[in-house]
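The residues making up each chain are set out below.
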Amino acid sequence: MTTNLPVDAVLTPELSPTEEQRVGRRGAEHLSRRRLYTRRFLRNRGAVAGLVILALLILFAIAGPMLTSYTYTDVDFTNLTAAPSSQHWFGTNGTGNDTYAQTTHGLQRSMIIGVVVSALTTVIAAFVGAAAAYLGGTAEKVILGIVHFLLVVPSFLILALISQKAGGDWKVLILVLTAIGWVYGARVVWSLSTSLREREYVQAARFMGVSPLRIVLRHLIPNIGSLLIVSFTLGVVATVQAETGLSYLGFGVKQPDVSLGSLLGDGADTITSAPWLFYFPATMLTLLTVSMALIGDGLRDALDPMSYSVGRA
């Protein structure tokens, strides 16, 4: 007796729900890590919104100055503390500077400081923390002693004193923020690397005569890459906030250069009589920090294999 079944029905038997889940998991395993992380990141609506906001801010910082005939140093003596108008879109300050031009330049400066400092501190923290964990013994104790000492040093006072003597030079501010910003990250990296140094591939590389520097750079640091990516993203937020606080108090970027923090400091004195001097830079700063925070949360969830907040792959 023969049955006229479709070929697909014979070759592809019906799967139970449990078997379908297993097949789905096997398919997910064949995805590359990059595609898997990208898919999980894009499922997070907040992270995608933060990415869009950040892209718009970068576009505004780059192309914004081209849309006006004023630069951030130009002075219009006929419009002092003028309200927003067709001539000055964001108004002017008490000395006649165009607030729109200053806001775009301040956004550029704050973003440059935030990205550069966060990148440098992440690299230094990764190398120092992983090296301390791998070397162990006396070297580990010395490095951790320095790290713990720097953690209790009043960093804000050091920042204020050095920035004040530097006359508000943003390059010096980057160096100072980097010099004291890597310490906590190094402590976190060390705590994670202490377990990695006992892994089989690290021990095998050591017995094969691979140099300690190569082991740290090729075996330890890449295996905490997800932590470093998230640390870099959230570090931008922390750096921008630190720079804003210093500039707001008069210890950061100073005239003739401007940043979002210095603009907020100047605008706070005239918030009742000329609120546009405060609200426009404050809006840019809020959008920048919120977008980076959303991206950092999205990356953390996407790179964490135990997180199901963005669903399964």
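The structure we're discussing is the one just above.
Cut-offs used in this document
Residues numbered from 1 in each chain as written. Predicted model: local features only at pLDDT ≥ 70, side-chain atom pairs only at ≥ 80, totals over all residues. Heavy atoms only, no water. Helix = DSSP H or I, 4+ residues; strand = E, 2+ residues; numbered from the N terminus. Buried < 20%, exposed > 50% of the residue type's maximum accessible area, 1.4 Å probe, protein only. Contact = heavy atoms within 4.5 Å. Areas by Shrake-Rupley, 256 points an atom, 1.4 Å probe, with all protein chains shown as cover. Polar contact = N/O pair within 3.5 Å; in protein donor to acceptor, adjacent residues only side chain to side chain. Axes fitted to C-alpha atoms, helices over the stretch in contact; angles between N-to-C directions. Left-handed = near helix turned anticlockwise from the far one by under 90°. Nonpolar A, V, L, I, M, F, W, Y, C, P; charged D, E, K, R; others polar. Core = buried A, V, L, I, M, F, W, Y, C linked by side-chain atoms within 4.5 Å. Arc of directions from axis to C-beta.

S.K.: Describe the overall build of the chain, listing the residues and the values that go with them.
M.R.: Check the secondary structure of the chain and you find 14 helices and zero strands. Its helices and strands taken in sequence order, the chain reads α-α-α-α-α-α-α-α-α-α-α-α-α-α from the N to the C terminus. Taken across its 313 residues, the chain has 40% of its residues classed as buried. For the chain, long-range pairs separated by at least 24 residues make up 70% of all intrachain contacts whose partners lie at least 6 apart in sequence. Accessible surface for the chain amounts to roughly 17600 Å². Of this, 65% is attributable to carbon and sulfur atoms.

S.K.: Outline the side chain of His105, listing residues and values.
M.R.: On the secondary structure map, His105 appears in helix α5 (residues 99-135). On the accessibility criterion, His105 (10% relative accessible area) is buried. Of the polar contacts made by the side chain of His105, one reaches the side chain of Asp257; its length is 2.8 Å. Leave out the neighbours within four places in its chain, and His105 touches Tyr72, Asp257 and Val258.

S.K.: Break down the environment of Pro212 for me, with residues and values.
M.R.: Here Pro212 shows up in helix α11 (residues 212-220). You can call Pro212 partly exposed: its relative accessible area is 42%. In sequence terms Pro212 and Ala131 are 81 residues apart; their C-alpha atoms lie 8.2 Å from each other.

S.K.: Can you break down the packing of α5 against α11 residue by residue, with the values?
M.R.: Between α5 and α11, the least distance of the axes is 10 Å, while the angle of their chain directions is 115°. Seen from above, α5 lies across α11 with right-handed handedness. On α11, the residues that touch Phe127, Ala130, Ala131 and Tyr134 of α5 are Pro212, Leu213, Ile215, Val216, Leu217 and Leu220. In the contact of α5 with α11, the residues fall into 10 nonpolar, no polar and no charged.

S.K.: A description of the environment of Leu173 should follow, citing residues and the corresponding values.
M.R.: Along the chain, Leu173 turns up in helix α8 (residues 170-181). Owing to a relative accessible area of 3%, Leu173 belongs among the buried residues under this scheme. Residues Leu173 and Leu246, spaced 73 residues apart in sequence, show a C-alpha to C-alpha distance of 9.7 Å. If sequence neighbours within four positions are ignored, Leu173 has contacts with Ile113, Ser163, Glu243, Leu246, Gly252 and Val253.

S.K.: Describe the nonpolar core, listing the residues and the values that go with them.
M.R.: As a rule of thumb, soluble globular proteins bury nonpolar side chains together. Phe41, Leu54, Leu107, Met111, Leu288 and Met292 are the most contacted members of the largest nonpolar core, which has 22 residues in total. If you list the elements that add at least two residues to this core, you get α4 (45-63), α5, α12 (225-248), α13 (260-268) and α14 (276-303). Of the residues forming this core, the biggest block, nine residues, is contributed by α14. Not counting residues up to four positions away in its chain, the partners in contact with Met111 are Leu54, Ile58, Ala61 and Leu288. By size, the runner-up hydrophobic cluster in this structure holds 13 residues, among which are Ala126, Ala130, Val202 and Ile215.

S.K.: So what about helix α7 (residues 155-165)? Which residues, and what values?
M.R.: Among all positions in α7, only Leu159, Ala160 and Ser163 are buried. Projected down its long axis, α7 carries its buried residues within an arc of 95°, all on one side. Exposed residues lying more than 90 degrees from the buried face of α7 are Leu157, Leu161 and Lys165. Structurally, α7 contributes buried residues whose contacts are with α8 and α12.

S.K.: Please give an account of the environment of Ala282 that cites residues and values.
M.R.: Structurally, Ala282 is set in helix α14. Assessed through its relative accessible area of 15%, Ala282 is described here as buried. Distance from Ala282 to Gly261, taken between C-alpha atoms, is 8.7 Å for residues 21 residues apart in sequence.

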